[in-house]
Amino acid sequence: MSDAPFLFDRLCVIGIGLIGSSILRAARSYGLSRTLVAADLSQKVIGRVEELGIADVATTDFGAAVTDADCVILCVPSGAFGVVTEIIAPHLKPGAVISDSGSVKGAVVAQMSPFLPSGVHFIPAHPVAGTEHSGPDAGFAELFENRWCIFTPAENIDAEALARYRAFWERLGSKVERMTPEHHDLVLAVTSHVPHLIAYNIVGTADDLETVTQSEVIKFSAGGFRDFTRIAASDPTMWRDVFLNNKKAVLEVLGRFSEDLAYLQRAIRWGEGDKLFDLFTRTRAVRRSIIDQGQETAAPDFGRPHGKH
Ligand SMILES: NC(=O)C1=CN([C@@H]2O[C@H](COP(=O)(O)OP(=O)(O)OC[C@H]3O[C@@H](n4cnc5c(N)ncnc54)[C@H](O)[C@@H]3O)[C@@H](O)[C@H]2O)C=CC1
Ligand SMILES: O=C(O)C(=O)Cc1ccc(O)cc1
């Protein structure tokens, strides 16, 4: 535990799955708050939180949970932020920081903003860190170490509240970057959302192929396909909500993806090996530059013309 003072005397996390339970574990390990409050819709989850001992208070009563909290972080599926915010809004402490962990920003900001009282500081955030596992047992304190956390607050956000919340994420081990919700949603559509859709699709296609039996899919699932099955094992509720709530950017990226796939399809059909070779050479360089930067994700340059084919 660190000797630094508490950043938020009372921290409340709502939705105690992979992300919520990791925040609680890290806040306790690094001594970021005096009192940790956990709230969830599910009594079963709250029972498990009590068994794990990762919060000082665990409850299904959201109003009581946020009362007197200096910081409230919602970690629920992307479709549930509006309903939760509507319930907690009358109980929020003036001056509190309110945030979220949603993988989508534009739609989550739109769901929450109408309910939030003017006296709180709303700092939407997305920790770009996770796994294919979910639930309170899946979390761990080190999840956010050396990962990005993207903040998307309004331009007129209170500077002191922003600095304090940035310090909170930095003490969790993250690097913080600020951008608009719209830019976040386009970047993440490319680097996370569409890749997950591709994984769900290829695993579904393999599962459907009548000439390949289930046992062969398992037996020969080496390398690339195995990596896809890990991603395609991610939580169905969470990912359904991501696609429904980042529709515009995902459809835009999918349009480009489909055109590029058709180009590769044509190159294979006509035996145009140079086209395949050129692309595979370029993508290998992308991987190398990610490794050279010591990162596992890289934001693409959207300002650059396509110029590939
Ligand atoms: N799983 C991942 O790798 C990452 C997830 N995120 C985002 O963080 C959020 C949480 O994701 P996970 O922790 O993975 O989910 P999870 O499925 O592990 O946990 C979600 C929790 O929210 C609770 N919940 C659902 N509806 C609720 C409601 N209306 N009110 C209160 N609690 C409710 C569930 O009972 C569950 O305990 C999502 O918005 C997700 O997009 C962000 C970064 C990474
Ligand atoms: O497990 C993986 O490969 C991930 O990509 C984790 C992840 C999932 C969702 C996010 O919003 C951020 C990170």
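The rules we used
Residues numbered from 1 in each chain as written. Chains lettered and ligands numbered in written order. Predicted model: local features only at pLDDT ≥ 70, side-chain atom pairs only at ≥ 80, totals over all residues. Near = placed C-beta within 6 Å. Helix = DSSP H or I, 4+ residues; strand = E, 2+ residues; numbered from the N terminus. Nonpolar A, V, L, I, M, F, W, Y, C, P; charged D, E, K, R; others polar. Domains from an automatic or database assignment. Contact = placed C-beta atoms within 7 Å. Core = buried A, V, L, I, M, F, W, Y, C linked by C-beta atoms within 7 Å. Buried ≥ 20, exposed ≤ 12 C-beta atoms within 10 Å, placed from the backbone. Pairing = 2+ DSSP bridges. Axes fitted to C-alpha atoms, helices over the stretch in contact; angles between N-to-C directions. Right-handed = clockwise from strand over helix to strand, strands pointing away.

1. Here we look at the site of ligand 1
Then, in step 1: Residues in contact with ligand 1 amount to 29 residues; listed here are only the nearest, Gly-15, Gly-17, Ser-103, Gly-130 and Ser-134.
Then, in step 2: Only helix H1 (18-29), helix H4 (81-88) and helix H10 (236-245) provide two or more residues apiece to the shell around ligand 1.
Then, in step 3: The greatest single-element share of the shell around ligand 1, amounting to three residues, is contributed by H1.
Then, in step 4: Tallied by class, residues from the shell around ligand 1 come to 15 nonpolar, twelve polar and two charged.
Then, in step 5: For the shell around ligand 1, the two domains that each supply at least three residues are domain 1 (10-179) and domain 2 (183-292).

2. Side note on the domain arrangement of the protein chain
Then, in step 1: Partitioning the protein chain into structural domains gives domain 1 (10-179) and domain 2 (183-292).
Then, in step 2: Using only C-alpha atoms to locate each centre, domain 1 and domain 2 end up separated by 30 Å.
Then, in step 3: The partner domain 2 presents 17 residues to the 14 residues of domain 1 that form the contact.
Then, in step 4: Residues belonging to the side of domain 1 that touches domain 2 are distributed by class as follows: five nonpolar, seven polar and two charged.

3. Here we look at the nonpolar core
Then, in step 1: Residues Leu-11, Cys-12, Val-13, Ile-14, Val-37, Ala-38 and Val-72 are the most contacted members of the largest nonpolar core, which totals 63 residues.
Then, in step 2: Counting contributing residues, this core receives three or more from each of domain 1 (10-179) and domain 2 (183-292).
Then, in step 3: In contact with Val-37, not counting residues within four places along its chain, are Arg-10, Leu-11, Cys-12, Ala-55, Asp-56, Val-57, Ala-65 and Ala-69.

4. Here we look at the sheet that holds strand E8 (residues 148-151)
Then, in step 1: The three strands are arranged E7-E8-E9 in an open sheet whose pairing can be described as mixed. Strand pairing shows two members of the sheet lacking a second neighbour, strand E7 (125-127) and strand E9 (175-178), which therefore form its edges. For this sheet the average axis-to-axis angle between neighbouring strands, irrespective of direction, equals 20°.
Then, in step 2: Here E8 runs beside E9; their pairing, made up of four bridges, is parallel. Bridging from a neighbouring strand, Cys-149 pairs with Val-176 of E9.

5. Details of the pairing of strand E1 (residues 10-14)
Then, in step 1: Counting buried positions over the five residues of E1 gives five, a clear majority of the element.
Then, in step 2: Where E1 lies against strand E2 (residues 35-39), five bridges are found, and the strand directions are parallel. Opposite Ile-14, over in E2, you have Ala-39 as the bridge partner.
Then, in step 3: The handedness of the E1 to E2 crossover, carried by H1, is right-handed.
Then, in step 4: For E1 and strand E4 (residues 71-74), the ladder comprises four bridges, and the chain directions are parallel. Counted as the bridge partner of Ile-14 is Leu-74 from E4.

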